[in-house]
Amino acid sequence: MFGNWRIGSVNGALLAAYFIPAWAMVAFNIIVAPVHGLYERPSVAVALFLSDHLQMAGMDTVRAAWLLALGRLTVVAFFAIFLVLLSVPRIRKNGGCDEALGIALAIGSLISFASMVMASKVGEMAALRLHATELLLLLGAAIVVVIEKPAAAPKTSEIAATPSLEPLGLEPLGLEQAELLHNR
């Protein structure tokens, strides 16, 4: 059953199992109550950076919170698309789901890196550890996806065997059959 699964696909599915619920809940909290959701642990570094260093107040902070929620929901959506494409064996075998995973990894890495830098600027160590861990997970998966190539399609012989005009019971000898590439 798992003979045709690649390491990058399994790694992406495990990442999606973490990022979809975790980032969707954070984004939902920000959408429901932007300021309160922004000051929760996963986003507190961004909130402190916006208020302390950029000196945003009021509606600007709400707009930045919604932008962060939109970015997180975009990552969640691409991970969900990846899981849907992963469920189709033909797409999974030839690596067709890697594009959705790559977009999710790129946007997620960008958000995690920016949040990590903001956490280091404001001195929020718990948030720094959280974002550094998420960034390492995303970068590790990106490296696996880049290095691991999908399985190549088997090459077939260009010379097809001619259909025999002999009766059904008589089959040609082994030396009369066309030579295939894997028999050389």
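Scope of this entry: the structure provided in the associated data block. (Residues numbered from 1 in each chain as written. Predicted model: local features only at pLDDT ≥ 70, side-chain atom pairs only at ≥ 80, totals over all residues. Heavy atoms only, no water.)

**Section: the layout of surface pockets**
Convention followed: Of the two site types, the cavity is a set of points on a 1 Å grid over the protein atoms alone where a 1.4 Å probe fits but cannot get out, and the pocket is an open set with protein on both sides within 12 Å along at least five of seven lines, each lined by residues with an atom within 4 Å of a point. Grid points are joined across faces, edges and corners, and a volume is the space filled by probe spheres set on the points. Only Asp, Glu, Lys and Arg are considered charged, only Ala, Val, Leu, Ile, Met, Phe, Trp, Tyr, Cys and Pro nonpolar, and every remaining residue, Gly among them, polar.
Volume-wise, the largest pocket comes out at about 270 Å³. As for the largest pocket, its lining consists of 13 residues, of which Val 46, Ala 64, Leu 67, Leu 68 and Ile 111 are closest to the centre. Residue composition of the lining of the largest pocket, by class: ten nonpolar, three polar and no charged.

**Re the nonpolar core**
Rules: By convention a nonpolar core is built from buried Ala, Val, Leu, Ile, Met, Phe, Trp, Tyr and Cys residues, the set being connected through side-chain atoms within 4.5 Å. A simple rule labels every residue: compare its accessible area, found with a 1.4 Å probe on the protein chains alone, to the largest value its type can have, and call it buried under 20%, exposed over 50%, or partly exposed in between. Here a helix means four or more residues in a row that DSSP labels H or I, a strand means two or more in a row labelled E, and each is numbered from the N terminus. What makes two residues a contact is simply this: any of their non-hydrogen atoms within 4.5 Å.
Core analysis: the largest hydrophobic core is formed by 31 residues, its most contacted members being Phe 79 and Leu 105. When residues of this core are traced back to their parent elements, those giving at least two are helix H1 (7-32), helix H3 (44-52), helix H4 (59-86), helix H6 (98-122) and helix H7 (125-147). Broken down by element, the residue count for this core peaks at nine residues, all from H4. Beyond its immediate stretch of four places on either side in the chain, Phe 79 contacts Gly 12, Leu 15, Ala 16, Phe 19, Ile 20, Leu 101, Ala 104, Leu 105 and Leu 138.

**Overview of the packing of H6 against H7**
Each pair of packed helices can be described by the angle between their axes along with the distance between the axes. Short version of the rule: Axis angles are defined between N-to-C directions and span 0 to 180 degrees, where every axis is a line fitted to C-alpha atoms and, for a helix, only to the segment in contact. If an angle is under 35 degrees, it is roughly parallel; if it is over 145, roughly antiparallel; if it lies from 65 to 115, roughly perpendicular; otherwise it is oblique. Helix crossings are classified by the rotation of the near helix relative to the far one: an anticlockwise turn of less than a right angle makes the crossing left-handed, while a clockwise turn makes it right-handed.
As a packed pair, H6 and H7 sit with axes 8 Å apart at the nearest point and diverge in direction by 150°. Judged by the inter-axis angle, H6 sits roughly antiparallel to H7. Considering the relative orientation of H6 and H7, their crossing is left-handed. Taken together, the residues of H7 that come into contact with H6 (itself represented by Asp 98, Leu 101, Leu 105, Gly 108, Ser 109, Ser 112, Phe 113, Ser 115, Met 116, Ala 119 and Ser 120) are Ala 127, Leu 128, His 131, Ala 132, Glu 134, Leu 135, Leu 138, Leu 139, Ala 141, Ala 142 and Val 145.

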